[in-house]
Amino acid sequence: MKKTLSLLTLLAAGTGHAAGFSFDTHSARATSMGFASVASMQDSSAIAYNAANILGVEKLDITAGDLITLPRINFTPEGTTNTQAFDTLLAPPPHAFAVYRLNEKMAVGLGFFVPFAAGSAWPDDFAFRTRGYKAQMALYHFNPTFAYQAHPRLRVGVGLSVVRGTVTIERKLNFVGSEGTVELGGDSWGLAYNAGIQLTLLDKLLHFGGQFRGPSALTFKGNADFRDIPPAFQTQLKDQKIESTVDFPGSASLGLLFTPSERLSFAFDAKLMLWSTFEEFTISFEDPAITSPLTKNWENTWNFHLGAEFKVTENFQVRLGTAYDRAPSPESTLSPDLPDADRYRIAAGLGYALNPVRVDLGYQYIFLGNTKSTVPGITGAYDGDGHIFGLTVGYSMK
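From a predicted model like this one, the values you see are computed outputs, not experimental measurements.

Each value, and the rule that gives it
- Starting afresh in each chain, residues are numbered from 1 along the sequence in its written order.
- In view of the model being predicted, local features appear only for residues whose pLDDT reaches at least 70, and side-chain atom pairs are presented and counted only at 80 or more, with totals across whole chains, interfaces and linings using the full set of residues.
- Side-chain calculation: all heavy atoms of the structure are included, whereas hydrogens and water are not.
- Numbering of helices and strands runs from the N terminus; a helix is a DSSP stretch of H or I covering at least four residues, while a strand is a stretch of E covering at least two.
- Between the two quantities, the radius of gyration covers C-alpha atoms and the globule rule is 2.2 Å times the number of residues to the power 0.38.
- Between buried and exposed lies partly exposed: a residue is buried under 20% and exposed over 50% of the maximum accessible area for its type, with that area taken using a 1.4 Å probe on protein chains only.
- Among buried residues, those of type Ala, Val, Leu, Ile, Met, Phe, Trp, Tyr and Cys that are joined through side-chain atoms within 4.5 Å constitute a nonpolar core.
- The quantity called pLDDT is the predictor's confidence in a given residue, expressed from 0 to 100.
- In this analysis, two residues are considered to be in contact whenever any of their non-hydrogen atoms come within 4.5 Å of each other.
- Whenever a carboxyl oxygen of Asp or Glu lies within 4 Å of a side-chain nitrogen of Lys or Arg, that contact is scored as a salt bridge.
- Pairing of aromatic side chains here covers Phe, Tyr and the six-membered ring of Trp, requires ring centres within 6.5 Å, and sorts the geometry by plane angle: under 30 degrees stacked, over 60 edge-to-face, intermediate tilted.
- Pairs of N or O atoms within 3.5 Å make up the polar contacts considered here, provided that, within protein, one atom can donate a hydrogen while the other can accept it, and that residues adjacent in sequence are counted only when both atoms are side-chain atoms.
- Patches here are clusters of residues that have more than 30% relative accessible area and form no salt bridge, with a 9 Å joining cutoff for like charges and a 5 Å cutoff for nonpolar side chains (Val, Leu, Ile, Met, Phe, Trp, Tyr).
- The Shrake-Rupley method, run with a 1.4 Å probe, gives the accessible areas here. Residue values count only the displayed protein chains as cover.
- Here the rule is simple: two strands pair whenever DSSP picks up at least two bridges between them.

Further remarks concern the overall build of the protein. Counting secondary structure elements, the protein contains two helices and 20 strands. Here the protein has a C-alpha radius of gyration of 22 Å; the compact-globule value for 398 residues is 21 Å, and the two agree. Expressed as lengths along the three principal axes of its C-alpha atoms, the size of the protein is roughly 75 × 40 × 30 Å. Split into buried and exposed, the 398 residues of the protein put 55% on the buried side.

Spelled out as structure tokens, the structure:
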């Protein structure tokens with residue numbers, strides 16, 4: 001019973017986001033460029049990608065948008081062809097940013113976005129539904145930001161996020177002759193920080209960007225609701241309070257922006273996700289007898305992004321992008337409660353501006369490469385794909 005109640009579904013994954021449970025989509029323009037954004041984003045969405053670059057705003061810039069993800073992830077047990085897949089989930093994490101330039105050297109801004117999000121819904125007949133069934137999780141960042149032009153070639157920026165985390169979970173319990181259900185809900189508040197730089201290497205030709213987003217530790221508190229529990233277990237499996245502290249990882253990003261002409265630009269990013277802090281996960285119940293930690297031993301991973309933008313006219317842009325994102329879970333701990341796989345992305349999008357308003361559309365196709373799991377009792381492989389459709393509307397005052 002202890003293994004049954006190691007409720008790691010708190011962080012159950014989907015396919016519409018980055019590997020693990022990270023989420024990158026805070027701008028339709030960035031989406032269409034494969035998230036190659038650290039040096040290239042110069043509007044108010046830079047709050048999410050590189051705080052220093054809010055100085056790209058001339059006076060006032062406001063952006064807001066949303067996206068829809070259509071994910072699919074499959075699990076095929078070893079030695080069979082009996083593939084089972086997630087039910088499709090629509091997960092629309094919104095984003096909104098506003099930046100005001102105080103003078104030639106300083107700018108301030110406020111952003112709202114979701115850097116970590118996940119959802120899962122395995123089918124009712126999923127063979128391993130006691131290890132993973134249904135869950136939704138999101139972290140909302142409210143991120144005040146400040147940037148300063150320290151030198152004609154150097155910008156610096158800092159920010160502090162107020163973090164709101166929410167989670168809902170449903171999981172099946174196996175009693176051999178019957179099946180019960182446990183539902184959990186919890187929330188938390190926390191803080192996180194970020195800092196960025198932008199350096200002009202060659203005037204109008206080559207720029208370097210860097211950003212670090214610090215980790216955040218959130219302690220979720222909530223309640224566990226047990227249903228359809230056999231009489232022999234009702235004294236042990238009763239409704240009670242729960243608590244769990246989760247260390248969400250920091251990240252370090254480096255980017256280059258190459259503009260060989262006024263109409264054409266190329267962007268490249270390399271991002272290090274510091275997943276190694278995620279060594280195990282424990283939900284603590286009021287009754288310590290049903291509390292059991294689950295080992296994960298995730299690894300730090302690099303992901304890589306390449307994007308291009310071409311100005312067809314002064315008002316109309318086309319964009320392309322691609323990315324590779326490696327899953328952080330080793331084969332020995334990859335299981336249905338946190339299904340994952342290496343991700344390969346192809347992206348495209350359009351932008352249209354009619355001063356002072358602009359509209360960006362972004363699309364990504366995500367292919368999940370076949371990724372093996374060697375967890376005893378649930379060996380097999382994960383794969384799948386997904387689609388992201390993003391829309392961002394912007395307003396600029398010069």
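The next subject is the nonpolar core. Ranked by size, the top nonpolar core spans 31 residues in total, and within it F21, L139, F226, F248 and F285 carry the most contacts. In terms of nonpolar packing, the next biggest core, distinct from the first, is built from 20 residues, I47, Y49, V57 and L257 among them.

On average, residues of the protein score 88 in pLDDT, and 93% of them are at 70 or above. Every residue in residues 1–16 is under pLDDT 50, and counting partners more than four places away or in other chains gives 84 contacts.

Quick look at the pattern of salt bridges now. Taken as a whole, this structure holds twelve salt bridges when the rule is applied. Across the salt bridge formed by R358 and D43, the nearest N and O atoms sit 3.4 Å from each other. Taken together, the positions of R358 in strand 19 (residues 357–373) and D43 in the loop between helix 1 (28–32) and helix 2 (46–49) put the pair 315 residues apart, joining distant regions of the chain. Accessibility expressed as a relative area gives 16% for R358, which makes it buried. Linking D61 and R358 is a salt bridge whose minimum nitrogen-to-oxygen distance equals 2.9 Å. With a gap of 297 residues between them, D61 in strand 1 (residues 60–77) and R358 in strand 19 connect regions that are remote in the sequence. On the basis of relative accessibility, which here comes to 3%, the residue D61 falls in the buried class. Salt bridges linked by common partners bring R29, E309, R319 and D360 together as one network.

A separate point is the packing of aromatic side chains. If you walk through the whole model with that rule in mind, you get 16 aromatic pairs. The interplanar angle of 0° and the centroid separation of 6.0 Å between the aromatic rings of F112 and Y140 together place this pair among those described as stacked. With F112 in strand 4 (residues 106–121) and Y140 in strand 5 (residues 134–151), this pair connects stretches of sequence that are 28 residues apart. Overall, the relative accessible area of 21% leaves F112 in the partly exposed class. Measuring from centroid to centroid gives 4.9 Å for F175 and F233, while their planes differ by 45°, and the two rings are tilted. Highlighted residues: F175 in the loop between strand 6 (154–174) and strand 7 (179–202) and F233 in the loop between strand 9 (216–227) and strand 10 (240–248), separated in sequence by 58 residues. With a relative accessible area of 28%, F233 lands in the partly exposed category. Taken together, the ring pairs connect F116, F220, F248, W275, F278 and W298 into an aromatic cluster.

A separate point is unusual backbone geometry. For the bond running from N355 to P356, omega is 10°, close enough to zero to count as cis. Take P356: it is sitting in the loop between strand 18 (343–354) and strand 19. Even without glycine at this site, F35 takes up a positive phi of about 65°. Exposure remark for F35: the relative accessible area of 4% places this residue in the buried category. Backbone geometry places V176, a non-glycine residue, at a positive phi of 70°.

So, about the side chain of K296. Mapped onto the secondary structure, K296 falls in the loop between strand 15 (294–295) and strand 16 (301–311). In this structure K296 comes out as buried when scored by relative accessible area, which is 1%. Of the polar contacts made by the side chain of K296, one reaches the backbone oxygen of T333; its length is 2.7 Å.

On the surface, I62, L350, V357, V359, L361, L391, V393, Y395 and M397 cluster together to form a nonpolar patch covering roughly 680 Å² of accessible area. Put simply, the parts of the chain that give the nonpolar patch at least two residues each are strand 19 and strand 20 (380–397). The topology assignment puts M397 in strand 20.

Note: strand 6 against strand 7, 21 bridges, orientation antiparallel. If you follow V167 over to strand 7, its bridge partner there is G186. Where strand 6 folds back on strand 7, the antiparallel hairpin that results is connected by four residues, among which V176 adopts a positive phi of roughly 70°. Note: strand 7 against strand 9, seven bridges, orientation antiparallel. Counted as the bridge partner of E183 is D225 from strand 9.

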